[in-house]
Amino acid sequence: MAPEPRTALSVNVNKIAVLRNSRGGEEPDVLRAARTCLSAGAQGITVHPRPDRRHITAEDVIALAALTAQFQVEFNVEGNPFAPPRPGYPGLVALCEQVRPAQVTLVPDADGQLTSDHGFDFARDGARLAPLVAQFKALGCRVSLFVDAGCRELAQAAAMGADRIELYTGPYAEACAAGTPQPALDAFAATARAAQALGLGVNAGHDLSQDNLGLFLDTVPHVQEVSIGHALISEALYDGLDTTVRRYLAITGAAPQR
């Protein structure tokens, strides 16, 4: 079975910034890397500016907003909407007010968390989250909420005005690596269908790779966008960014952005 033909690829360039920040200075150049990905046909760029400035910084966000506007592609800014401003980080709402990304993906990652590893608990966080969703939508951003497979509170996400969910695919990647992907795939497919029945679009991301992406898209219906960073950048160390992006586009079935 061929993958859905309309799954957009948004390349997460956080890891380029991690490498740059480990040494200081400007190399490797995040803008140059993003430009290479877009020139190869990627449909968008994703970043996750953190308060600790561990990788993508607020300054990077501003520069990448201009680049994605130049290419006329989607800019997707991820972040924890509950994280307060601090020196070097104006807060997610203030940053999005400045750059007006096409999409903002809200993720419940704590300050000390190495990477995003779970979705929202809407029963716990819904009351705080709803007014923030409204703020982002007032800026003209499409709002996507990070969720786990099996989330039972999707109706609450739809009721607060979210446009999409992003499936946290880490457990699928682990199951795939272990050789037992089917139970995870069934759970993700059921969650996608439940979200779509509520009028929510479906994105996916985290630990997706060339090895596991095709099976995921073959099984989980109507995934509109995948955001891929760690695996893509790792693979590009061996094969180059242009070649690696084109290989992902062959898997997603989306025509390269021109």
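All of these numbers come straight from a predicted model, not from anything done at the bench.

Peer 1: Is there a simple way to explain the pairing of strand 3 (residues 74-79) in this structure?
Peer 2: Both faces of the sheet carry side chains from a regular strand, because those side chains alternate between them. When you tally the buried positions in strand 3, you get six out of six residues, the bulk of the element. Residue alternation in strand 3 divides its side chains into two sets, E74, N76 and E78 and F75, V77 and G79, and both sets are buried. When strand 2 (residues 44-47) meets strand 3, the two strands line up parallel, connected through four bridges. Bridging across to strand 3, V47 finds its partner in V77. The handedness of the strand 2 to strand 3 crossover, carried by helix 3 (residues 58-71), is right-handed. Where strand 3 lies against strand 4 (residues 103-106), four bridges are found, and the strand directions are parallel. Looking at the pairing, V77 lines up with V104 of strand 4. For the crossover that starts at strand 3, traverses helix 4 (residues 92-99) and ends in the parallel strand 4, the hand is right-handed.

Peer 1: Help me out: how do you make sense of helix 7 (residues 170-177) in this one?
Peer 2: Because an α-helix completes one turn every 3.6 residues, residues spaced three or four positions apart along the sequence face the same direction. Within helix 7, the full set of buried residues consists of G170, Y172, A173 and A175. Tucked inside the fold, the buried residues of helix 7 contact strand 6 (164-168), helix 8 (182-197) and helix 9 (213-219). Remark: G179 follows helix 7 within two positions and exhibits a positive phi of approximately 85°.

Peer 1: Please clarify how the confidence of the model for the protein chain should be interpreted in this entry.
Peer 2: Where the model shows low pLDDT, its predicted coordinates should not be examined in detail. In the predicted model, the protein chain carries a mean pLDDT of 94, and 93% of its residues have values of at least 70. Every residue in residues 1-5 is under pLDDT 50, and counting partners more than four places away or in other chains gives 12 contacts.

Peer 1: Please clarify how the sheet that holds strand 2 should be interpreted in this entry.
Peer 2: Within a sheet, each strand pairs with its neighbour through backbone hydrogen bonds, oriented either parallel or antiparallel. Strand order in the closed barrel formed by eight strands is 1-2-3-4-5-6-7-8, and the pairing between neighbours is parallel. Each strand of the sheet is rotated relative to its neighbour by a mean of 25°, with strand direction disregarded. Here strand 6 pairs with strand 7 (residues 201-205) via five bridges, running parallel. Bridge pairing in strand 7 links I165 to V202. Sheet contacts for helix 4: strand 3 and strand 4; angle to strand 3, the most-contacted strand, approximately 165°.

Peer 1: Looking at this model, I keep getting lost on the layout of surface pockets. Mind explaining?
Peer 2: The probe, sized like a water molecule, is rolled over the atoms to show the empty space still left. What the second largest pocket holds in volume is close to 240 Å³. In terms of lining residues, the second largest pocket is bounded by 14 residues, among which I16, L19, P28, I233 and L237 are the most central. Contributing elements (two or more residues each) for the lining of the second largest pocket: helix 1 (14-23), helix 2 (30-39) and helix 10 (230-239). The biggest single contributor to the lining of the second largest pocket is helix 1, with four residues. Grouping the constituent residues of the lining of the second largest pocket by class yields nine nonpolar, one polar and four charged.

Peer 1: Mind showing me how you'd approach the packing of aromatic side chains here?
Peer 2: Aromatic ring pairs are defined here through the distance separating the ring centres and the angle between the ring planes. Under the counting rule described, the total for this entry stands at five aromatic pairs. On the numbers, 5.5 Å between centres and 50° between planes, the contact of F146 with Y168 is tilted. One end of the pair, F146, is in strand 5 (residues 142-147); the other, Y168, is in strand 6, and 22 residues separate them in sequence. Here F146 falls in the buried class, since its relative accessible area comes to 4%. Between the aromatic rings of Y172 and F216, the centroid separation amounts to 5.2 Å while the plane-to-plane angle is 50°, which identifies the pairing as tilted. Residue Y172 is found in helix 7, and its partner F216 is found in helix 9; the two are separated by 44 residues along the sequence. Of the two residues examined, Y172 and F216, each falls in the buried class.

Calculation rules
Residues numbered from 1 in each chain as written. Predicted model: local features only at pLDDT ≥ 70, side-chain atom pairs only at ≥ 80, totals over all residues. Heavy atoms only, no water. Buried < 20%, exposed > 50% of the residue type's maximum accessible area, 1.4 Å probe, protein only. Helix = DSSP H or I, 4+ residues; strand = E, 2+ residues; numbered from the N terminus. Pairing = 2+ DSSP bridges. Right-handed = clockwise from strand over helix to strand, strands pointing away. Contact = heavy atoms within 4.5 Å. pLDDT = per-residue confidence, 0-100. Axes fitted to C-alpha atoms, helices over the stretch in contact; angles between N-to-C directions. 1 Å grid on protein atoms, 1.4 Å probe; cavity = no way out; pocket = protein on both sides within 12 Å on 5 of 7 lines; lining within 4 Å. Points joined across faces, edges and corners; volume = space filled by probe spheres on them. Nonpolar A, V, L, I, M, F, W, Y, C, P; charged D, E, K, R; others polar. Phe/Tyr/Trp six-rings, centres within 6.5 Å; stacked < 30°, edge-to-face > 60°.

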